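Examining the three-dimensional arrangement
Each chain, letter by letter, is given below.
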Amino acid sequence: MSTGEPSSPSADSTATVVPHSVPLPRRSEAETHIQGDRPPVWSISSAADATPSIPLPIKCDRHGRPGGICCKDLKDDDDRQLIDPDIVRDVVIGLSDGLTVPFALTAGLSSLGESRLVVVGGVAELIAGAISMGIGGFLASQAERDHYRFLQRHTSARVLRSCAGEMEREVHAVLGPVGVDERLSRQVAQCLRKVEVDSNGVGAPTGQPSEEEGGLRWSKDVGMTAFLLKFGEGLEEVPTRRLYISAFTIGMGYLLGGIIPLLPYFFTPYAKEGLVYSCIVTGIVLLIFGAVKAHVTGAGIGTRGYMWGALSMLLVGGCAAGAAYGIVAVIEGSTNA
């Protein structure tokens, strides 16, 4: 029954909640000593479920870990910095061939008796071998680059003419074996296809558009084609500078490695005596080179790893030199007979 009086607002009606500002926690002295002048990072892992749109670079469990150390600052027991595997490969090819091939040649020629003949033949082989090895490294890298570019054009055309379902199956064939489910693989395929086709990426039939027109500046490195080549085929484009680096590294490695077994012959007139010193010097260098190779490639784990790397390199060089010396000795003996 109405009393005619104006109704007053209900006491339990919903009121507007005014957010309060919360001060950020201050650094402790230990954190200030660890972080230095870097800006502070506060952990938001507790609010990850409530705010799923938090950018990934902001997330950090620094304050949830004893000592306040970021995971990027944690060090492993073996934190060696490995060299680029392509450069290591070229250095190993050049030095190993330079230490074994000229050493085998000089060992074979030393059976003739004169050091002068060994020096002349060794220097000629050394220069010719260094040039040949450098050119071979250049041509090998060039062939690898041409092969990648052909597959890139072929894959790009296949992506454009294939349906979405086929691309989803190919992406899942790459991601499935590593534990990614089919639903997530389908989402990845849709994103990659959208980047490449809808944004006029590498597979666009027209020329590469400018950034104002919605194109991608680095379109050859993104999209479905780049994904299938890198993770499906295990291929990456070889830059042009890599051709010249490979040629120089292999050629210089062969030249520097080949001088070592040849040096003792410059200081003795007798080839047999020079062979003894050459074997000693080359054997020591092969052991050192094998141990260093095991270190820079990551194969040297413990003393046994370094010993195996050194002995295996010494075994290869010794077998090559022994075979060359034996063959030349047999040929010379049959000729004299």
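Residues numbered from 1 in each chain as written. Predicted model: local features only at pLDDT ≥ 70, side-chain atom pairs only at ≥ 80, totals over all residues. Heavy atoms only, no water.

1. Structural notes on the overall build of the chain
- Across its full length, the chain holds 9 helices and 0 strands.
- Along the chain direction, N to C, the helices and strands of the chain fall in the order α-α-α-α-α-α-α-α-α.
- Counting only contacts in the chain whose residues sit at least 6 apart along the sequence, the fraction spanning at least 24 positions is 66%.
- Looking at the chain as shown, the accessible area adds up to about 21,900 Å², and 63% of this sits on carbon and sulfur atoms. (Helix = DSSP H or I, 4+ residues; strand = E, 2+ residues; numbered from the N terminus. Contact = heavy atoms within 4.5 Å. Areas by Shrake-Rupley, 256 points an atom, 1.4 Å probe, with all protein chains shown as cover.)

2. Examining a nonpolar patch on the surface
- On the surface, Val123, Ile127, Ile131, Ile135, Leu139, Phe248, Met252, Leu256, Ile259, Leu263, Phe266 and Phe267 cluster together to form a nonpolar patch covering roughly 1,200 Å² of accessible area.
- For the nonpolar patch, the secondary-structure elements that each account for two or more residues are α3 (115-161) and α7 (240-262).
- Top contributing element to the nonpolar patch by residue count: α3, with 5 residues. (Patch = residues over 30% accessible without salt bridge, like charges linked within 9 Å, V, L, I, M, F, W, Y side chains within 5 Å. Salt bridge = Lys/Arg side-chain N within 4 Å of Asp/Glu carboxyl O.)

3. As for the packing of helix α2 (residues 85-109) against α3
- Their axes nearest at 10 Å, the elements α2 and α3 cross at an angle of 155 degrees. Judged by the angle between their axes, α2 and α3 are roughly antiparallel. As for how α2 packs across α3, the hand of that crossing is right-handed. Along the contact surface, α2 presents Ile93, Asp97, Val101, Pro102, Leu105, Thr106 and Leu109, while α3 presents Leu117, Val118, Gly121, Gly122, Glu125, Leu126 and Met133. (Axes fitted to C-alpha atoms, helices over the stretch in contact; angles between N-to-C directions. Parallel < 35°, antiparallel > 145°, perpendicular 65-115°, else oblique. Left-handed = near helix turned anticlockwise from the far one by under 90°.)

4. Re the side chain of Arg145
- Mapped onto the secondary structure, Arg145 falls in helix α3.
- You can call Arg145 buried: its relative accessible area is 12%.
- Residues contacting Arg145, with those up to four places away along its chain left out, are Val238, Thr240 and Leu243. (Buried < 20%, exposed > 50% of the residue type's maximum accessible area, 1.4 Å probe, protein only.)

5. What about the pattern of salt bridges?
- All chains considered together, the criterion is met by 8 salt bridges.
- The residue Arg158 makes a salt bridge to Glu170 at a minimum N-O spacing of 2.4 Å. You can see Arg158 sitting in helix α3 and its partner Glu170 sitting in helix α4 (residues 164-175), a full 12 residues away along the chain.
- Judged by relative accessible area, Arg158 falls into the partly exposed class, the value being 22%.
- If you follow the salt bridges from partner to partner, you end up with Arg89, Asp90 and Arg242 in one network.

6. A short note on the environment of Ser162
- The residue Ser162 is located in the loop between α3 and α4 in this model.
- The residues touching Ser162, leaving out its near neighbours within four places in the chain, are Met167 and Arg193.

7. Overview of helix α6 (residues 224-232)
- Every buried residue of α6 is listed here: Met224, Thr225, Ala226, Phe227, Leu228 and Leu229.
- Backbone geometry just downstream of α6 places Gly234 in the positive-phi region, at approximately 70 degrees.

8. Digging into the side chain of Asp90
- Checked against the element boundaries, Asp90 lands in helix α2.
- Exposure remark for Asp90: the relative accessible area of 1% places this residue in the buried category.
- Residues within four places of Asp90 in sequence aside, it is in contact with Arg242, Ser246, Thr249 and Ile250.

9. Some thoughts on the packing of α3 against α7
- One can describe the packing of α3 onto α7 by two numbers: an axis separation of 8 Å at closest approach and a directional angle of 160 degrees. Regarding the angle of α3 to α7, the classification is roughly antiparallel. The crossing of α3 and α7 is right-handed.
- Split into classes, the residues belonging to the contact of α3 with α7 amount to 15 nonpolar, 10 polar and 3 charged. (Nonpolar A, V, L, I, M, F, W, Y, C, P; charged D, E, K, R; others polar.)

10. A look at the packing of aromatic side chains
- Within this structure, the stated rule accounts for 2 aromatic pairs.
- The interplanar angle of 40 degrees and the centroid separation of 5.3 Å between the aromatic rings of Phe227 and Phe231 together place this pair among those described as tilted. With Phe227 and Phe231 both in helix α6, this residue pair falls 4 residues apart, about one helical turn.
- Judged by relative accessible area, Phe231 falls into the exposed class, the value being 53%. (Phe/Tyr/Trp six-rings, centres within 6.5 Å; stacked < 30°, edge-to-face > 60°.)

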